[in-house]
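So the chains spell out like this:
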Number of protein chains: 2
Amino acid sequence: MAAADPELAIGFDDVQRAAQRLAGVALRTPVRRSRRADELSGAQVFFKCENFQRMGAFKFRGAYNALAQFTPAQRRAGAIAYSSGNHAQAVALAARLLGMPSVIVMPHDAPPAKLAATRGYQAGQAGSEVVLYDRWAEDREAIGRRLAQERGMTLVPPYDDAQVMAGQGTAALELIEDAGALDALLVCVGGGGLISGCAVAAKHRLPGIAVWGVEPEAGNDTQQSLQRGRIVRIPTPQTIADGAQTQASGELTFPVIRALAAGIVTVSDAQLASTMRFFAERMKMVVEPTGCLAAAALLEGVLPLRGARVGVIVSGGNVDLPRYAALIGAGP
Amino acid sequence: MAAADPELAIGFDDVQRAAQRLAGVALRTPVRRSRRADELSGAQVFFKCENFQRMGAFKFRGAYNALAQFTPAQRRAGAIAYSSGNHAQAVALAARLLGMPSVIVMPHDAPPAKLAATRGYQAGQAGSEVVLYDRWAEDREAIGRRLAQERGMTLVPPYDDAQVMAGQGTAALELIEDAGALDALLVCVGGGGLISGCAVAAKHRLPGIAVWGVEPEAGNDTQQSLQRGRIVRIPTPQTIADGAQTQASGELTFPVIRALAAGIVTVSDAQLASTMRFFAERMKMVVEPTGCLAAAALLEGVLPLRGARVGVIVSGGNVDLPRYAALIGAGP
């Protein structure tokens, strides 16, 4: 680790080294434009399409970057993760690619497609399994720590981990390489892994860029934390953005967000659904509710950025089809 | 026109010149892979994603290639087209880009999104309008010819036109440039414009390639035509593949298909819906029913191509969201 700011968990070098580890393993996802998005926002919009990433979300970047640095002993014992969905699939896939077992702690009410996909990625890898828990009653972090201790496996947190954060930052690095200079970058915020990595990468490459986080209205813990200057914990929020149903920013991610982000704005579930329809109708892309957070802030007029060159991270596309159909079919 | 085979309406040179005209105007759409598609088919599958093309379908290629060759007098009078949807939008957009009026003859029951999009492309272009007709009772070709004569506009047929065919062929040209050698190419068939252009391009570049056409079961006029050795006309077929509800191949397209295609296979509406779900769930892409024809033949096991390198044209993504939601939400 070589943080430029020793107060922060990661520096630009960490993101750059993550990019080297991910080269040829993660997909270099496309940066797409939309005339309609430009019209709606008055900005020039560059969408980084992580819904086209391996396993359908940016999470693969962080998970692979973390697991690729395991020692031989760690590799033999394997990786363990707790996740509401995409991080689970990411660790399961990264573990299989690196030939190690994985144990994934998932909520029993996680989308069936995410459960099935996680088990699919584990298939044929001895020692791998999914462990279910009740997210309204049990503490997934405690379950993860206990299993890690019992089995000698290494816990890979979904966001509060320097190598996970560094891996996620490669999305912004690629976006800026492909789109050129940007005035603003919009990133969804759950636990803060994506925005912290992306902010480190973006502010190093473009010191003048404004990095905005976007949270669901129902779960604005990071917005509250920035206002109070300390990490605020909230009850598990009820929102269609299941990937952002986090209760608090991380101990490592929050200081980065506080130091580098311009601020946090929030969007409603109705604005997320409207943005899902925009992506389907205009850009022919399936984007999960959480993946619409950043775009919704721009396209629904929450964050006025007229005349600016704006990067938007589309974080993922994993959503059960019946639920997706209900959300886009309902009409405006 | 410089056809290698003087019996055919177009030759490879026509496709190559179309590619030059379209450079920097049409999008070079991505060629995407899917591990799941490879598993399902046992082939190596390369999807040419024309659902990401301007106006959402390959049709822009042919329309722009035709309109770009109008004389100054033709440009002043403008273009007229009849179409069940995508060709309408393509001509409207190409006309606006080239600064000429367009009149589009569309069925009154065309998907509302296609009607709205066509009118949107015409906005601000004096002399442009949409004329509706009843496709179960009226002859769109006769209406188009009459209006063309009355207004001095040039009729751009949806498929039976050498420059339209040549433009569509650029999709296969790009696919082969990006994917490399292919053993087979799968293309949807309505009136035959796409497959005839693509077959000319593909067989020139890769003489050993097998170019397969795919029609809806309910509308296999081209399959019947190949069997009988002459163009067979059928009643307007009832299928969810609204872009392939054609009654007969064209006078120019059929000889190309007969000379260059390996054959035609058909898929059911249920197989199309299943393939729509595959694209949404696995590749995070919205594909219209007609755009699923080629992929369905491969992924649903109609055409066994185990071990082969297969190109698949995903022809478009324009589908009304409520209808799309109903088709993908219904379950397998």
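Please read these numbers as outputs of a predicted model, since none were measured by experiment.

Draft legend 1. Quick peek at the nonpolar core. Of all hydrophobic cores here, the largest spans 160 residues; its most connected members are Phe 47 and Tyr 324 of chain A together with Phe 47 and Tyr 324 of chain B. Once residues within four sequence positions are removed from consideration, Tyr 324 of chain B is found in contact with Val 286, Tyr 324 and Ile 328 of chain A together with Met 276, Ala 280, Met 285, Val 286, Val 287 and Val 319 of chain B.

Draft legend 2. Structural context of the sheet that holds strand β3 (residues 79-82) of chain B. Residues and elements named next belong to chain B. If you trace the 4 strands from one edge of the open sheet to the other, you get β5-β4-β3-β6, paired in parallel fashion. Every interior strand has two partners, whereas the edge strands, β5 (129-133) and β6 (154-155), have only one. Across 2 bridges, the pairing between β3 and β6 is parallel. By the bridge assignment for β6, Ile 80 is matched with Leu 155. Here helix α5 (residues 86-97) sits on the sheet and contacts β3 and β4 (102-107); the angle it forms with β4, its principal contact strand, is near 170 degrees.

Draft legend 3. Fine view of helix α11 (residues 253-260) of chain A. Residues and elements named next belong to chain A. Within the span of α11, buried status applies to Thr 253, Phe 254, Val 256 and Ile 257. All buried residues of α11 lie within an arc of 160 degrees about the axis, which places them on one face of the element. Here the buried face of α11 lies against α8 (162-179), α9 (193-205), α10 (221-228) and β9 (263-267).

Draft legend 4. Here's a closer look at unusual backbone geometry. Phi at Lys 284 of chain A takes a positive value of approximately 55 degrees, unusual for a residue other than glycine. Looking at where Lys 284 of chain A falls in the secondary structure, it is placed in the loop between α12 (269-283) and α13 (293-299). For Lys 284 of chain A, a relative accessible area of 6% corresponds to the buried category. Here Met 55 of chain B, not a glycine, exhibits a phi torsion of approximately 55 degrees, which is positive. Relative to the helices and strands, Met 55 of chain B is located in the loop between β2 (44-49) and α3 (59-67). Residue classification places Met 55 of chain B among the buried residues on the basis of a relative accessible area of 7%.

Draft legend 5. Summary view of the packing of helix α1 (residues 12-22) of chain B against α3 of chain B. Residue and element names in this part refer to chain B. Packing of α1 against α3 leaves a shortest axis separation of 10 Å and a crossing angle of 90 degrees. For the element pair α1 / α3, the angle class is roughly perpendicular. Contact with α1, carried on its side by Ala 18, Arg 21 and Leu 22, involves Arg 61, Tyr 64 and Asn 65 of α3 and no other residues of that element. Considered class by class, the residues forming the contact of α1 with α3 number 3 nonpolar, 1 polar and 2 charged.

Draft legend 6. Seen up close, the relation of the copies chain B and chain A. Least-squares fitting of chain B to chain A yields an RMSD of 0.0 Å, with the transformation described by 0.0 Å of translation along the axis and a rotation of 180 degrees. Expressed as an axis order, the relation between the two copies is that of a two-fold axis. The fraction of interface residues of chain B whose copies in chain A are also interface residues reaches 100%, indicating that both copies meet through the same surface.

Draft legend 7. Examining the pattern of salt bridges more closely. A complete count under the given rule lists 28 salt bridges over all chains for this structure. Two residues, Arg 36 of chain A and Glu 39 of chain A, come together in a salt bridge whose shortest N-O distance is 3.2 Å. With Arg 36 of chain A and Glu 39 of chain A both in helix α2 (residues 35-41), this residue pair falls 3 residues apart, about one helical turn. One salt bridge in this structure joins Lys 48 of chain B and Glu 174 of chain B, with 2.7 Å as the shortest N-O distance. Linking Lys 48 of chain B in strand β2 with Glu 174 of chain B in helix α8 (residues 162-179), this pair joins segments that are 126 residues apart in sequence. A residue is classified by how much of its surface remains accessible, and Lys 48 of chain B, at 0% relative accessible area, is buried. A single network of salt bridges, built from pairs that share partners, joins Arg 28, Glu 177, Asp 178 and Arg 205 of chain A.

Draft legend 8. Examining the pairing of strand β8 (residues 210-216) of chain B more closely. All names here are of chain B. Of all the 7 residues making up β8, 5 are buried; the element is thus mostly covered by neighbouring parts of the structure. Examined bridge by bridge, strand β7 (residues 184-188) and β8 share 5 bridges and lie parallel to one another. Across the sheet, Leu 185 pairs through a bridge with Val 211, a residue of β8. Taken together, β7, helix α9 (residues 193-205) and β8 constitute a β-α-β crossover, and its handedness is right-handed. Looking at chain direction, β8 and strand β9 (residues 263-267) are connected through 5 bridges and run parallel. Looking across to β9, one finds that Glu 215 is bridged to Thr 266.

Draft legend 9. Broad picture of the environment of Ser 83 of chain A. Residue and element names in this part refer to chain A. Secondary-structure assignment places Ser 83 in the loop between β3 (79-82) and α5 (86-97). Residue classification places Ser 83 among the buried positions, given a relative accessible area of 3%. Sequence-distant contacts of Ser 83, defined by excluding residues within four places in its chain, comprise Ala 88, Val 105, Met 106, Pro 107 and Arg 140.

Draft legend 10. View of the state of the cysteines. All names here are of chain A. Throughout the structure, instances matching the rule amount to 0 disulfides over all chains. Summary of cysteine pairing: Cys 292 is not part of a disulfide, and the nearest cysteine sulfur, belonging to Cys 188, is at 9.9 Å. For Cys 292, a relative accessible area of 0% corresponds to the buried category.

Draft legend 11. Representation of helix α14 (residues 321-329) of chain A within the structure. Among the residues of α14 of chain A, those classed as buried are Leu 321, Tyr 324, Ala 325, Leu 327 and Ile 328 of chain A. Here the buried residues of α14 of chain A occupy an arc of 165 degrees about the axis, which is enough to place them on one side. Opposite the buried face of α14 of chain A, by more than 90 degrees, sit the exposed residues Pro 322 and Ala 326 of chain A. Where α14 of chain A is buried, its residues touch α12 of chain A together with α12 (269-283) and α14 (321-329) of chain B.

Draft legend 12. Structural detail: the sheet that holds β2 of chain B. Residues and elements named next belong to chain B. Sheet architecture is open: 6 strands sit in the order β1-β2-β10-β7-β8-β9, paired in mixed fashion. Only two strands of the sheet have a single neighbouring strand rather than two, namely β1 (31-32) and β9. Across the sheet, α8 is in contact with β1, β2, β7 and β10 (309-314); its angle to β10 comes to roughly 140 degrees. α9 contacts β7, β8 and β10 of the sheet and is inclined by roughly 165 degrees relative to β7.

Draft legend 13. Broad picture of the interface of chain B and chain A. With 22 residues of chain B in contact, the opposing surface of chain A contributes 22 residues. A combined buried area of about 1800 Å² lies between chain B and chain A, and 64% of that area is made up of carbon and sulfur atoms. When residues of chain B are sorted by the area they lose upon contact with chain A, Phe 52, Lys 284 and Leu 321 of chain B head the list and together hold 37% of the total. Summed over the shared surface of chain B and chain A, the result is 0 salt bridges. On inspection of chain B and its partner chain A, the count reaches 6 residue pairs in polar contact (both at pLDDT 80 or more).

The rules behind each value
Residues numbered from 1 in each chain as written. Chains lettered and ligands numbered in written order. Predicted model: local features only at pLDDT ≥ 70, side-chain atom pairs only at ≥ 80, totals over all residues. Heavy atoms only, no water. Core = buried A, V, L, I, M, F, W, Y, C linked by side-chain atoms within 4.5 Å. Buried < 20%, exposed > 50% of the residue type's maximum accessible area, 1.4 Å probe, protein only. Contact = heavy atoms within 4.5 Å. Pairing = 2+ DSSP bridges. Helix = DSSP H or I, 4+ residues; strand = E, 2+ residues; numbered from the N terminus. Axes fitted to C-alpha atoms, helices over the stretch in contact; angles between N-to-C directions. Arc of directions from axis to C-beta. Parallel < 35°, antiparallel > 145°, perpendicular 65-115°, else oblique. Nonpolar A, V, L, I, M, F, W, Y, C, P; charged D, E, K, R; others polar. Least-squares fit on C-alpha atoms with pLDDT ≥ 70 in both. Salt bridge = Lys/Arg side-chain N within 4 Å of Asp/Glu carboxyl O. Right-handed = clockwise from strand over helix to strand, strands pointing away. Disulfide = S-S within 2.5 Å. Buried area = accessible area lost by both parts, 1.4 Å probe. Polar contact = N/O pair within 3.5 Å; in protein donor to acceptor, adjacent residues only side chain to side chain.

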